[in-house]
Amino acid sequence: MTLHPLPAFSDNYIWVLHDGHRALAVDPGEADGLAQWLQQQGLQLDTILITHHHGDHTGGVAQLREATGARVFGPARESVPAPLHRVEGGNSFEALGVRFEVMDVPGHTAGHIAFFAADVDGAPLLFCGDTLFSAGCGRLFEGTPAQMLDSLTRLATLPAHTRLCCTHEYTLSNLRFALAVDPDNAALAAHASHCRGLRERNLPTLPSSIGLERQINPFLRSHEPALAAAAQAHDPASSPDALGVFTTLRAWKNVFA
Ligand code: ZN
Ligand code: FE
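Quick caveat: nothing in here was measured; it's all calculated off a predicted structure.

## Description of the coordination of the iron ion (ligand 2)
- Protein coordination at the iron ion (ligand 2) comes from Asp56 (OD), His57 (NE2), Asp130 (OD) and His168 (NE2), with a distance range of 2.0 to 2.4 Å.
- Metal-centred angles of 86 to 168° between the four donor atoms at the iron ion (ligand 2) mark the site as irregular.
- A separation of 3.2 Å is found between the iron ion (ligand 2) and the zinc ion (ligand 1), both of which receive a donor from Asp130. Here His57 is found in helix H2 (residues 55-58), whereas its partner His168 is found in the loop between strand E13 (163-166) and helix H5 (171-181), with 111 residues between them in sequence.
- For His57, a relative accessible area of 0% gives the class buried.
- When its relative accessible area of 4% is taken as the criterion, His168 is described as buried.

Take a look at the structure:
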């Protein structure tokens, strides 16, 4: 199986997984670029996965389904273009011979889901939409900090070698914040210079991995003393427990330039 991040809009990726004949696409916010790429590669679109209702993740679904007859799996509790197979945490299904498990990961949106495959050519894979980014996490448009922290904590317990397929190339800007709040983290500094090199060559910084994110992502590290100290220094009223630290970091990131 081949995994390919197809750039869309200014900083989205439409992830494509394919076996050389049939393809699965995740969060196609637009149809034309994907349809053209699939045609160039000689691929037939078989399945579309949708993580949440935002237009930059769903805008191409109707046109693609019309053109290809692809099956669509999407969140049970969000308004996305029907018809679709509505799925939620605990459900599983098969596509391209791969078993996908659905996880509920509310926070960015109220009904956000993620798709985990334990075995794609022997290694796990996660399509997590706008919940977890490399060195960052999604904004809390519809959920509470407690919901998002719970979602991220469950994602962080997936196997370390899980390939992490996020839907935006936000890594460099996330890394600037991460370095500001976790300045003594050597793994983080090393990864930041690696990613700067990738972006200079216009290469994606993704997929990341769950194991790497546990080391470098401040939003998976709110239980660490270094992050608690940074949160306290920024906002003395911040509570020192993991939820208090997470809440402070998420609010700080929103205004960090
Ligand atoms: Zn979104
Ligand atoms: Fe998005």
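Moving on from the model shown.
## Structural notes on the nonpolar core
- Core analysis: the largest hydrophobic core is formed by 52 residues, its most contacted members being Leu24, Leu49, Phe93, Phe100, Phe115, Leu126 and Phe127.
- If sequence neighbours within four positions are ignored, Leu49 has contacts with Leu24, Ala25, Val26, Asp27, Pro28, Phe73, Phe93, Phe100, Phe115 and Phe127.
- Within the second largest apolar cluster, 20 residues are counted, among which are Val16, Ala31, Trp37 and Leu43.

## A word on the sheet that holds strand E14 (residues 208-209)
- Strand order in the open sheet made by the six strands is E7-E8-E9-E10-E13-E14, with mixed pairing throughout. A strand with exactly one partner marks an edge of an open sheet, and here the two such strands are strand E7 (92-95) and E14.
- Where strand E10 (residues 123-129) meets E13, four bridges bridge the pair, whose relative direction is parallel. Pairing of Leu125 across the sheet is with Arg163, part of E13.

## Section: the coordination of the zinc ion (ligand 1)
- Distances from the zinc ion (ligand 1) to its protein donors, namely His52 (NE2), His54 (ND1), His108 (NE2) and Asp130 (OD), fall within the range 2.2 to 2.3 Å.
- One way to put it: the four donor atoms around the zinc ion (ligand 1) meet at angles of 87 to 171°, and that makes the site irregular.
- Counting residues between consecutive donors of the zinc ion (ligand 1) along the chain gives the motif H-x1-H-x53-H-x21-D.

## Description of the pairing of strand E8 (residues 98-104)
- Here E7 runs beside E8; their pairing, made up of four bridges, is antiparallel. Bridge pairing in E8 links Phe93 to Phe100.
- Following E7, the chain reverses through two residues before pairing antiparallel with E8; Leu96 in that reversal takes a positive phi of roughly 55°.
- Where E8 and strand E9 (residues 113-120) come together, four bridges link them in antiparallel fashion.

Conventions adopted
Residues numbered from 1 in each chain as written. Chains lettered and ligands numbered in written order. Predicted model: local features only at pLDDT ≥ 70, side-chain atom pairs only at ≥ 80, totals over all residues. Heavy atoms only, no water. Donors = N, O, S within 2.8 Å, 3.2 Å for Na, K, Ca; no water. Tetrahedral: all angles 85-135°; square planar, octahedral: opposite > 155°, others 65-115°. Helix = DSSP H or I, 4+ residues; strand = E, 2+ residues; numbered from the N terminus. Buried < 20%, exposed > 50% of the residue type's maximum accessible area, 1.4 Å probe, protein only. Core = buried A, V, L, I, M, F, W, Y, C linked by side-chain atoms within 4.5 Å. Contact = heavy atoms within 4.5 Å. Pairing = 2+ DSSP bridges.

From the geometry alone we can't say anything about function, so treat these as descriptive.
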